[in-house]
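Observations on the model geometry
Chain by chain, the residues run as shown.
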Amino acid sequence: QSLPQQKLLTWLSVLECVEVFAEMGTARVWGEMGRWTIIVLIQLAKAILRLLLLLWYKAGIQTSPPIVPLNREQQQPLHPQDMEDSSSGKDQTYVGRRSSRVVRSLQNTPSLQSRHWGSPQQREESQSRRAEELNQPPTPLGLQETIAESIYITRPLLHLLSLAVWGQRSWKPWLLSAVLDISSLSLLSDLKDLNRRERAELRRRTILLLYYLLRSPFYDRYSEGRILLLLRLLADYVPGVGFVTRPLMDYLPAWQKIYFYNWG
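Summary of the structure given here. Not measured: the values here are computed from a predicted model.

This part takes up unusual backbone geometry. Outside of glycine, negative phi angles account for most residues, and trans bonds account for most peptide bonds. Between Ser64 and the following residue, Pro65, the backbone shows a cis peptide bond with an omega angle of 5 degrees. Following the sequence through the fold, Pro65 ends up in the loop between helix H1 (3-56) and helix H2 (72-75). A cis amide bond, omega 5 degrees, links Ser216 with the succeeding residue Pro217. Position of Pro217 among the secondary structure elements: in the loop between helix H7 (196-207) and helix H8 (218-237). Backbone geometry places Lys58, a non-glycine residue, at a positive phi of 55 degrees. If you trace the backbone, Lys58 turns up in the loop between H1 and H2. Look at Asp193: it is not a glycine, yet its phi comes out positive at around 60 degrees.

Printed below as a string of structure tokens:
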């Protein structure tokens, strides 16, 4: 990735990290008008950055989060003693004569900081596999797939515009957003030879369709009573589950009021 593309991904990651805090803080300081203003500005900035990545840098299907989190266990450097042993050519494993099981040699046990439970071969394979996944180029998108990804990127802006036109209690913004999400996934479903990160992203988007059961006005008219009843039954009749379901019941109304938790 080029340096400008890395900067765009970094800014996009920062926006996704602070969007909920910005919404809640602005609502506390400037009220409802300021809250919706910051929501529009953040969604507009995210859409511009994502469209630049899609159309200019050919980033393909964009994952969430934009930057893959660092796996510190796999990226942990070897202890100097371990590097010295490796460079000196000492055997770090022992193969059993009868079982053919590979075990770590006691003479070359790594330091506590870099010790792991898998065999050295497994660790090397996992590191090489992860490096290959990170270095895989994005799958080239045709015109249909580019339109589908553009629909997914601009869906929040169209939803906000529909809210401004028809209001928060109308079914039209809910239906419009659902049609756009389903259309985007349907157009992307024909794409073959996706890498692992892109397949995981499409699965994540498909699972997120369940959020429509928790979004207003569907939640207010159909889901709320049934979900609260189910949580209450679990809390009353399943031992130990109440520690999770009762706080969740108290949290749901607050969760419903935050746009970026619900629609972002």
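Moving on, we get to the nonpolar core. Ranked by internal contacts, the top residues of the largest apolar core, which has 14 residues, are Trp36, Ile39, Leu160, Tyr259 and Phe260. Going through the elements one at a time, H1, helix H5 (143-166), helix H6 (172-188) and helix H10 (259-262) are the ones with two or more residues in this core. The element that contributes the greatest number of residues to this core is H1, accounting for 5 residues. Sequence-distant contacts of Ile39, that is, excluding residues within four places in its chain, are made with Glu23, Leu160, Tyr259 and Phe260.

Should their charged atoms come close, side chains of opposite charge can pair. A full pass over the atoms with the stated rule returns 9 salt bridges. Of the charged contacts, one joins Arg155 and Asp181 as a salt bridge, the two residues approaching to 3.7 Å between their closest N and O atoms. Placement of Arg155 in helix H5 and of Asp181 in helix H6 is noted, with a sequence separation of 26 residues between them. The exposure classification of Arg155 matches that of Asp181, with both residues buried. Three or more residues joined by partner-sharing salt bridges are found here, namely Glu149, Glu201, Arg204 and Arg205.

About the thresholds
- Residues numbered from 1 in each chain as written.
- Predicted model: local features only at pLDDT ≥ 70, side-chain atom pairs only at ≥ 80, totals over all residues.
- Heavy atoms only, no water.
- Helix = DSSP H or I, 4+ residues; strand = E, 2+ residues; numbered from the N terminus.
- Core = buried A, V, L, I, M, F, W, Y, C linked by side-chain atoms within 4.5 Å.
- Buried < 20%, exposed > 50% of the residue type's maximum accessible area, 1.4 Å probe, protein only.
- Contact = heavy atoms within 4.5 Å.
- Salt bridge = Lys/Arg side-chain N within 4 Å of Asp/Glu carboxyl O.

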